[in-house]
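Next come the chains, spelled out residue by residue.
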Amino acid sequence: QVQLVEAGGGLVQAGGSLRLSCAASGRRFSMYDMSWFRQAPGNQRELFAALTSGGIVNYGDSAKGRFTISRDNAKNTVYLEMNSLKPEDTAVYYCNAKVVVNVEGAAIFAWGQGIQVTVSS
């Protein structure tokens, strides 16, 4: 069972920056594909940024150019650097890990508890 714990959220003014972190349990973190999702009030949870174990990065349209996902395998941690924040970035941000469990590619998915980011105008 992989456990994920997010940190770094809070209240920030528009134009400001935050860095979220997500610490994962387990000894094979380098093999996890990591992602950040977010869910704004009244909206569905959306994939925001993803970083595979092989280093492939993908961003949702709303994240491109302002946000950066990175990982430190030595610390079992994935980060989301958020710059030029806007009020519409206000949401609960969730960390997600995809863990492949066998040679056929079956995987399990773990979620963090979510962390609130609020951007004031």
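Coordinates for the structure precede this section.
Note that the structure is a prediction, hence the values are computed from the model and not measured.

(A) Highlighting the overall build of the protein. From N to C terminus, the protein includes zero helices and eleven strands. Taken over the C-alpha trace, the protein has a radius of gyration of 14 Å; the compact-globule value for 121 residues is 14 Å, and the two agree within 12%. Each principal axis of the C-alpha distribution contributes one length, and for the protein these read about 50 × 30 × 25 Å. With 121 residues in all, the protein has 41% of them scored as buried. Counting contacts in the protein only where the partners sit at least 6 residues apart, residues at least 24 apart contribute 53% of the total. Of the roughly 6600 Å² of accessible surface on the protein, a fraction of 49% belongs to carbon and sulfur atoms. Distance between charge centroids for the protein: 4 Å, based on 11 positive and 9 negative side chains.

(B) Region of the structure containing the environment of Phe 37. Mapping Phe 37 onto the fold places it in strand β4 (residues 33–39). Spatially, the C-alpha atom of Phe 37 lies 12 Å from that of Leu 51, the residues being 14 residues apart in sequence. Residues in contact with Phe 37, not counting those within four places in the same chain, are Arg 45, Glu 46, Leu 47, Phe 48, Val 92, Tyr 93, Tyr 94, Asn 96 and Trp 111.

(C) Looking closely at the packing of aromatic side chains. The full count for this structure, using the stated rule, is five aromatic pairs. Taken together, a centroid distance of 5.8 Å and an interplanar angle of 85° make the contact between Phe 48 and Tyr 93 edge-to-face. With Phe 48 in strand β5 (residues 46–51) and Tyr 93 in strand β9 (residues 91–100), the pair connects residues that are 45 residues apart, well separated along the chain. Across from the ring centre of Trp 111, 4.7 Å away, lies the NZ or CZ of Arg 45, which sits over that ring.

(D) The arrangement of the pairing of strand β7 (residues 67–72) in detail. A one-sided burial pattern is seen for β7, the buried positions being Phe 67, Ile 69 and Arg 71 and the unburied ones Thr 68, Ser 70 and Asp 72. Across six bridges, the pairing between β7 and strand β8 (residues 77–82) is antiparallel. Within β8, the residue paired with Ser 70 across the bridge is Tyr 79. Once β7 ends, the chain turns through four residues before running back antiparallel as β8, passing Asn 76 with a positive phi of about 55°.

(E) Representation of the sheet that holds β7. Pairing is antiparallel across the open sheet formed by four strands, whose spatial order is β1-β3-β8-β7. Edge positions in the sheet fall to β1 (4–7) and β7, since each has one partner strand and no second. Between one strand axis and the next, the sheet turns by 15° as a mean value, whatever way the strands run.

(F) Local environment of unusual backbone geometry. One non-glycine residue, Asn 76, adopts positive backbone phi at about 55°. Here Asn 76 shows up in the loop between β7 and β8. In the Ramachandran plot, Ser 84 falls in the positive-phi region, its phi being about 50° despite a non-glycine side chain. Among the secondary structure elements, Ser 84 is positioned in the loop between β8 and β9. On the basis of relative accessibility, which here comes to 39%, the residue Ser 84 falls in the partly exposed class.

So, how was this worked out
- Residues numbered from 1 in each chain as written.
- Predicted model: local features only at pLDDT ≥ 70, side-chain atom pairs only at ≥ 80, totals over all residues.
- Heavy atoms only, no water.
- Helix = DSSP H or I, 4+ residues; strand = E, 2+ residues; numbered from the N terminus.
- Rg over C-alpha atoms; globule rule 2.2 N^0.38 Å.
- Buried < 20%, exposed > 50% of the residue type's maximum accessible area, 1.4 Å probe, protein only.
- Contact = heavy atoms within 4.5 Å.
- Areas by Shrake-Rupley, 256 points an atom, 1.4 Å probe, with all protein chains shown as cover.
- Lys, Arg positive; Asp, Glu negative; His and termini not counted.
- Charge placed at Lys NZ, Arg CZ, Asp CG, Glu CD.
- Phe/Tyr/Trp six-rings, centres within 6.5 Å; stacked < 30°, edge-to-face > 60°.
- Lys NZ or Arg CZ within 6 Å of the ring centre and 35° of its normal.
- Pairing = 2+ DSSP bridges.
- Axes fitted to C-alpha atoms, helices over the stretch in contact; angles between N-to-C directions.

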